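Breakdown of the fold
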Amino acid sequence: MPKREWIHAWLLLLPAFVFLIAFTHLPAVQTLIDSFWSTPKGRRPAVFVGGDNYARMLADPILAKALWNSAVYAALTIPASVVLALAMALLVQARFAGVALMRMAFFTPTVLPLIAVANIWLFFYAPGFGLIDQIRGLFGLPSVNLAGQPETALYAVAAVTVWKEAGFFMVFYLAALQAVPPALREAAAIEGCGRWTFFRRVTLPLIMPTTLFVTVNATINAFRLVDHVFVMTRGGPDNATMLLLYYVFENGFRYWDTAYAAALTILLVAILTVVGLGQFFAADRRVHYR
Amino acid sequence: MMQTSAPLARPAPAIDCAGVSRRFDRAVALQSIDVELPAGAFSVLLGPSGCGKSTLLRLIAGLDAPTTGQIRIGGRDMAGLPPVARDLSMVFQSYALFPHLTVAQNILFGLSVRRVARAEQAARLDRVARMMGLETLLARKPAELSGGQQQRVALARAVISERPICLMDEPLSNLDARLRAEMRVELRAIQQRLGLTVVYVTHDQVEAMTMADRIVVMNAGRIEQTGTPREIYATPASAFVARFIGTPPMSLIALADLAGAGVDLPPGLSPDTLVGLRPEDLAPAARGLPVQRLAEEYLGADRLVTLRAGASTLLLRLAAGAPNLPDRFHLTWPPGALHLFDAATGRRLDAVSPARPGAGTLVPTP
């Protein structure tokens, strides 16, 4: 009875289909359609405008700024969080007194909501009485408003992201490091292989799949994690922390220019797709999977 | 397969352990081991799992440090020296091949870490690959090799180092039976050809018997007996060794159950004394130890008969074509086949076991 089996199969898939289509696929298609129409206003319904929304992007200085900021933000947070995660994992992979406490401390930022993390860091950055200014005061340095001045605001926001993400990535590195068989280290020791050589020639290649996974995640997060921008800077000062996703939000829900926001969303998806595919194809040749 | 291999330029040294012990937090792995593993010999550390044989190997390798005692290689104290300074190679049970490197890179790993010249690396790789039959596999990754091929790569990595000592930790235990039998012959041939001092850890007494110049039988962190395979088989030093060596091993029965066999025993033996008889030494006879037949196993070339004598059971090995046995019959054995072990310590009672003048052959008499 192949026919009945097919009906059963579709029935089993139905709940997942309903939710996927309703909340993922339909909105995505709708967004793509919306990006070719004008924003409906009051008594004036949306009209088809073709590529107008996209043409507008070319002449939008804030978008250019947002794209540049996003690129800098990604270039800072991706390598910093991955390298920091690996360093922390190497530190806490051994067994010593207090290692559990240390692992927990490294992982805590992951558990906290980003909004809460942003508030904590606002206190660190607060000019005058914040933690950073107090430390600067000990050395006789003047007060700075790290999150509030255009020259440093983007770096201040990026630091929060790194702090938040590294602990999460550390867990993956920790698992990968523990999966490296101890006999390999012993075989290498018999050959007279030092710690650094072993790390470079054996450990690092063996954890490459994790590095790829973590890097892809860090890349996605670099475009996706903007919650703290809402709390800390709201894209300011002078668009210094305006990131692409935050700009989408501003256009869509502050100015209610939903058509332009839809077009910007398509741009964001296109960038992520290109970057993600590029990463996989570039890295896949150098990654050894067991 | 093995044509080109000159013996080592350097003579292989002996390994000497004096009072070596290793204690862990909650367990004692080795208690005061004294053993000499001769130069250029194939020594096997044999014992059940947990007897401390692998621990001893790791101490010799320098992967672990002894709690007390001294390990000397070629007369030189090894205390505090890292593995690389001990001039030895090692083959691991898991092979410990680097999964991301090709066969050639795996074999050359040590040489490239030690910055041996490229030309020499290539020459040595060529020689060893030919010796181990790996020429066609050099570009593959370990995951693309069979278990036997991986084993060869691990061995090649040890051989290419040209170090005079090779430590092997159960290297054949992950292979199937046929391959294991082939590799036994091959390992022995490599050791002989290169004149290596080999220390080989195994729980498989067949491997020990077939390959070793010298067997060190270990149990519960101690050495039970050291000797050639022949010595260990012929005169086991303890009841443990007697039970461990031989397929099937020696049957041990209580002295009391030997009653009625007509053996003229030395006086003053405790009735709990253990009597050892090898299944292959026994033969049905008109007179001797009365036994009852319990079960029979057919093994192809021969048959293994389980027998009861008094309260003990013992085994008898018969040729497959031998006539069928009645339910009750008698057993006899040649002079020297009966071994006596102290019931409390398990040690061999050597003072009484060897032939004494007169009735001392410990054979059933009419």
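Residues numbered from 1 in each chain as written. Chains lettered and ligands numbered in written order. Predicted model: local features only at pLDDT ≥ 70, side-chain atom pairs only at ≥ 80, totals over all residues. Heavy atoms only, no water.

Turning our eyes to something else, we now look at the packing of aromatic side chains. A full pass over the atoms with the stated rule returns 17 aromatic pairs over all chains. Each ring, one from A:Phe249 and one from A:Phe253, has its centre 5.8 Å from the other, and the planes form 35 degrees; the classification is tilted. Placement of both A:Phe249 and A:Phe253 in helix α12 (residues 244–254) is noted, with a separation of four residues, approximately one turn of the helix. Taken together, a centroid distance of 5.5 Å and an interplanar angle of 15 degrees make the contact between B:Phe240 and B:Phe244 stacked. Pair noted here: B:Phe240 and B:Phe244 are both in helix α8 (residues 239–244), with a separation of four residues, about one helical turn. An aromatic cluster of three or more residues is present, and its members are A:Trp121, A:Phe124, A:Tyr125 and A:Trp163. Lying across the ring of A:Tyr260, A:Arg56 places its NZ or CZ 3.7 Å from the centre. (Phe/Tyr/Trp six-rings, centres within 6.5 Å; stacked < 30°, edge-to-face > 60°. Helix = DSSP H or I, 4+ residues; strand = E, 2+ residues; numbered from the N terminus. Lys NZ or Arg CZ within 6 Å of the ring centre and 35° of its normal.)

Glancing now at the sheet that holds strand β2 (residues 28–37) of chain B. Residue and element names in this part refer to chain B. Pairing within the open sheet is antiparallel, and its four strands lie in the order β2-β1-β4-β5. Every interior strand has two partners, whereas the edge strands, β2 and β5 (76–77), have only one. Bridge count between strand β1 (residues 15–23) and β2: six bridges; the pairing is antiparallel. In the strand pairing of β2, arginine 23 is matched with valine 28. (Pairing = 2+ DSSP bridges.)

Turning our attention to the pattern of salt bridges. Using the criterion set out here, one finds 20 salt bridges over all chains in the structure. In this structure, the salt-bridge partner of A:Arg56 is A:Asp257, at a minimum N-O distance of 2.8 Å. One end of the pair, A:Arg56, is in helix α2 (residues 52–58); the other, A:Asp257, is in the loop between α12 and α13 (258–284), and 201 residues separate them in sequence. Owing to a relative accessible area of 39%, A:Arg56 belongs among the partly exposed residues under this scheme. B:Asp302 is the partner of B:Arg317 in a salt bridge, and the nearest nitrogen-oxygen pair spans 2.8 Å. Pair noted here: B:Arg317 is in strand β16 (residues 312–319) and B:Asp302 is in strand β15 (residues 302–309), with a separation of 15 residues, a long-range link. Since its relative accessible area comes to 23%, B:Arg317 is described here as partly exposed. What makes B:Asp302 buried here is its relative accessible area of 17%. A network of salt bridges, in which partner residues are shared, links B:Glu120, B:Arg124, B:Arg127 and B:Glu162. (Salt bridge = Lys/Arg side-chain N within 4 Å of Asp/Glu carboxyl O. Buried < 20%, exposed > 50% of the residue type's maximum accessible area, 1.4 Å probe, protein only.)

On to the domain arrangement of chain B. All names here are of chain B. Assigned domains of chain B: these are domain 1 (15–234) and domain 2 (239–341). With centres defined by C-alpha atoms, the gap from domain 1 to domain 2 works out at 38 Å. Counting residues at the interface gives 15 residues for domain 1, matched by nine residues for domain 2. Our enumeration of links across domain 1 and domain 2 arrives at three residue pairs in polar contact (both at pLDDT 80 or more). Elements with a minimum of two residues in the side of domain 1 that touches domain 2: α6 (205–211), β9 (214–219), β10 (222–227) and α7 (229–234). For the side of domain 1 that touches domain 2, a count of residues per class yields nine nonpolar, five polar and one charged. (Domains from an automatic or database assignment. Contact = heavy atoms within 4.5 Å. Polar contact = N/O pair within 3.5 Å; in protein donor to acceptor, adjacent residues only side chain to side chain. Nonpolar A, V, L, I, M, F, W, Y, C, P; charged D, E, K, R; others polar.)

Bringing helix α5 (residues 114–125) of chain A into the picture now. Residue and element names in this part refer to chain A. With twelve residues, α5 extends 16 Å between its outermost C-alpha atoms, agreeing within 8% with the 16 Å of an ideal straight helix rising 1.5 Å per residue. Looking only at α5, the buried set comprises Leu114, Val117, Ala118, Trp121 and Tyr125. One side of α5 carries all its buried residues, which in axial view fall inside an arc of 100 degrees. (Expected span 1.5 Å × (residues − 1). Arc of directions from axis to C-beta.)

The next thing to look at is the nonpolar core. Within the largest apolar cluster, 49 residues are counted, with the highest numbers of intra-cluster contacts made by B:Ile107, B:Met132, B:Leu134, B:Leu155, B:Met168 and B:Tyr200. Counting residues per element, this core draws most heavily on helix α4 (residues 147–160) of chain B, which supplies seven residues. If you count residues domain by domain, this core takes at least three from each of domain 1 (15–234) and domain 2 (239–341) of chain B. In this structure, B:Leu134 is in contact with B:Ile107, B:Ala129, B:Gln149, B:Arg152, B:Val153 and B:Ala156, ignoring residues within four places of it in sequence. Listed in part, the 43 residues of the second largest apolar core include A:Ala158, A:Ile207, A:Phe223 and A:Val226. (Core = buried A, V, L, I, M, F, W, Y, C linked by side-chain atoms within 4.5 Å.)

Residues and elements named next belong to chain B. Pairing is antiparallel in the open sheet, where three strands are placed in the order β11-β12-β18. Here the strands that pair on one side only, and so sit at the sheet edges, are β11 (251–254) and β18 (339–341). Strand-to-strand twist of the sheet, defined as the mean angle between neighbouring strand axes without regard to direction, takes the value 30 degrees. Across three bridges, strand β12 (residues 274–277) lies against β18 in antiparallel orientation. Looking at β18, one finds that leucine 274 is bridged to phenylalanine 341. (Axes fitted to C-alpha atoms, helices over the stretch in contact; angles between N-to-C directions.)

Before going further, it helps to examine the packing of helix α2 (residues 103–113) of chain B against α4(B). Residues and elements named next belong to chain B. Two elements in contact, α2 and α4, have axes separated by 8 Å at closest approach and are oriented at 30 degrees. Judged on the interaxial angle alone, α4 and α2 are roughly parallel. Of the two elements, α2 crosses α4, and the hand of that crossing is right-handed. Contacts between α2 and α4 pair Val103, Asn106, Ile107, Leu108 and Leu111 from the former with Val153, Ala156, Arg157 and Ile160 from the latter. (Parallel < 35°, antiparallel > 145°, perpendicular 65-115°, else oblique. Left-handed = near helix turned anticlockwise from the far one by under 90°.)

Our focus in this paragraph is unusual backbone geometry. All names here are of chain B. For the bond running from threonine 247 to proline 248, omega is -10 degrees, close enough to zero to count as cis. Checked against the element boundaries, proline 248 lands in the loop between α8 and β11. The backbone phi angle of arginine 115 is positive, close to 55 degrees, even though this residue is not glycine. You can call arginine 115 exposed: its relative accessible area is 73%. Even without glycine at this site, alanine 220 takes up a positive phi of about 50 degrees. Mapped onto the elements, alanine 220 comes out in the loop between β9 and β10.

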